[in-house]
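Residues per chain are reported as follows:
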Amino acid sequence: MRKITIIGICAFLAASLISCEGRKVQNAIGKMRVINASHLSGGVNIDMDYKRVYATDIEYLNYSLFAPYIATRHKLHIKDIAGNVIGDTAITIGENKNYAVFVFDSSGSVRYRIFEESFITPKGSYYKMRFLHLSNTAPMVDLVNGKTGALVHTSYTNADYSEFETYAANDSLFYIVNETSTQNTIYSQPIRSFKPGVFYTMYLKGNPGSLGIDSLGLFVIENNQDY
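Here the structure is a predicted model, which means the values were calculated and not measured.

S.K.: Let's hear about the packing of aromatic side chains: which residues, and what values?
M.R.: The description of an aromatic ring pair rests on the distance of the ring centres and on the angle between the ring planes. Per the counting criterion, the structure on display carries 13 aromatic pairs. Centroid distance Tyr 127 to Tyr 200: 5.5 Å. Interplanar angle 90 degrees. Geometry classified as edge-to-face. Note that Tyr 127 is positioned in strand 10 (residues 126-133) and Tyr 200 in strand 18 (residues 199-205), a separation of 73 residues in sequence. Judged by relative accessible area, Tyr 200 falls into the buried class, the value being 0%. Note on Phe 194 and Tyr 200: the rings are 5.0 Å apart at their centroids and 65 degrees apart in plane angle, and the pair reads as edge-to-face. Put simply, the rings of Tyr 127, Tyr 167, Tyr 175, Phe 194 and Tyr 200 touch in pairs and so form one group of aromatic residues. Arg 192 extends its terminal NZ or CZ atom over the ring of Phe 194, reaching a point 5.1 Å from the ring centre.

This is the structure:
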């Protein structure tokens, strides 16, 4: 009786192995991109698990596309154009999660922050926008809807950020930046279209008084999730 039982178990295991034959093992993955808001860096790159990720450095006011990574804990080095390490850290990539590494200037130094991107598509005639204060030397600011005068965000200083928030889409909208303490306008954005169903990352960049590429302004990344 025992012999028959053992034979039966073996037959079951063999059938299980045959049924699994040809099935591919798929790794769980998440995605991450790098956004360079740092003029001082000269360009940035990352090493993931001690291996360089991008063939060319990501220049100022540029960003990478989302790249897939196995969902696990990874060693992460963030480097400037000279190969100096800006950040020596680790990141746990979650399955089907999206992340962004922001590199930016703060009072003459290069810093970074890592965010999880939450892409829950807005319904109807709405878009989602996240705002970050990543200007090197700008004061505390308020973000104002230039069309309606409505206060959108208030008292943001360097490295402050919002989550993605929902707004009514508009094809002739612009934002202005006011110094919180005086309410003087220090930057006014040109009119642009904010489309329904789209995610926008908008950050304050540069330096007040500069006339170069690092001049004060609002940089906008339009993300329809194909990135």
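That covers the picture; the talk isn't over yet.
S.K.: Could you give an account of the sheet that holds strand 16 (residues 185-188), naming the residues involved and the relevant values?
M.R.: Taken in spatial order, the four strands of this open sheet run 12-11-15-16, and their pairing is antiparallel. Two strands bound the open sheet, and with one partner strand each, they are strand 12 (151-156) and strand 16. When the angles between neighbouring strand axes are averaged without regard to direction, this sheet yields 15 degrees. Strand direction decides the pairing type here: strand 11 (residues 141-145) and strand 15 (residues 175-179), joined by five bridges, are antiparallel. Bridge pairing in strand 15 places Asn 145 opposite Tyr 175.

S.K.: Kindly report on the sheet that holds strand 7 (residues 85-92), identifying the contributing residues and their values.
M.R.: Spatially, four strands are ordered 3-2-6-7 in an open sheet, and the strand pairing comes out antiparallel. Each edge of the open sheet carries a strand with a single partner, namely strand 3 (51-52) and strand 7. Sheet topology note: the strand 2 (residues 44-48)/strand 6 (residues 73-80) ladder contains five bridges and is antiparallel. Bridge pairing in strand 6 places Asn 45 opposite Lys 79.

S.K.: Outline the nonpolar core, listing residues and values.
M.R.: Counting 20 residues, the largest nonpolar core has Tyr 127, Met 129, Leu 143, Tyr 175, Met 202, Leu 204 and Leu 218 as the members making the most contacts within it. If you list the elements that add at least two residues to this core, you get strand 10, strand 11, strand 12, strand 15, strand 18 and strand 19 (217-223). If near-sequence neighbours (up to four positions away) are discounted, Met 202 is found in contact with Met 129, Arg 130, Phe 131, Leu 132, Leu 143, Tyr 175, Gln 189, Leu 218, Phe 219 and Val 220.

S.K.: Let's hear about the pairing of strand 1 (residues 29-37): which residues, and what values?
M.R.: Buried residues dominate strand 1, accounting for seven of its nine residues. Pairing between strand 1 and strand 5 (residues 67-70): four bridges, direction antiparallel. Counted as the bridge partner of Met 32 is Ala 67 from strand 5. Bridging between strand 1 and strand 8 (residues 98-106) involves seven bridges; their strand directions are parallel. Within strand 8, the position partnered with Val 34 by the bridge is Val 101.

S.K.: Tell me about the side chain of Asn 223, residues and numbers included.
M.R.: Following the sequence through the fold, Asn 223 ends up in strand 19. Filtering out sequence-adjacent residues up to four positions away, Asn 223 remains in contact with Arg 33, Phe 66, Phe 119, Val 198 and Phe 199.

Criteria and thresholds
- Residues numbered from 1 in each chain as written.
- Predicted model: local features only at pLDDT ≥ 70, side-chain atom pairs only at ≥ 80, totals over all residues.
- Heavy atoms only, no water.
- Phe/Tyr/Trp six-rings, centres within 6.5 Å; stacked < 30°, edge-to-face > 60°.
- Helix = DSSP H or I, 4+ residues; strand = E, 2+ residues; numbered from the N terminus.
- Buried < 20%, exposed > 50% of the residue type's maximum accessible area, 1.4 Å probe, protein only.
- Lys NZ or Arg CZ within 6 Å of the ring centre and 35° of its normal.
- Pairing = 2+ DSSP bridges.
- Axes fitted to C-alpha atoms, helices over the stretch in contact; angles between N-to-C directions.
- Core = buried A, V, L, I, M, F, W, Y, C linked by side-chain atoms within 4.5 Å.
- Contact = heavy atoms within 4.5 Å.

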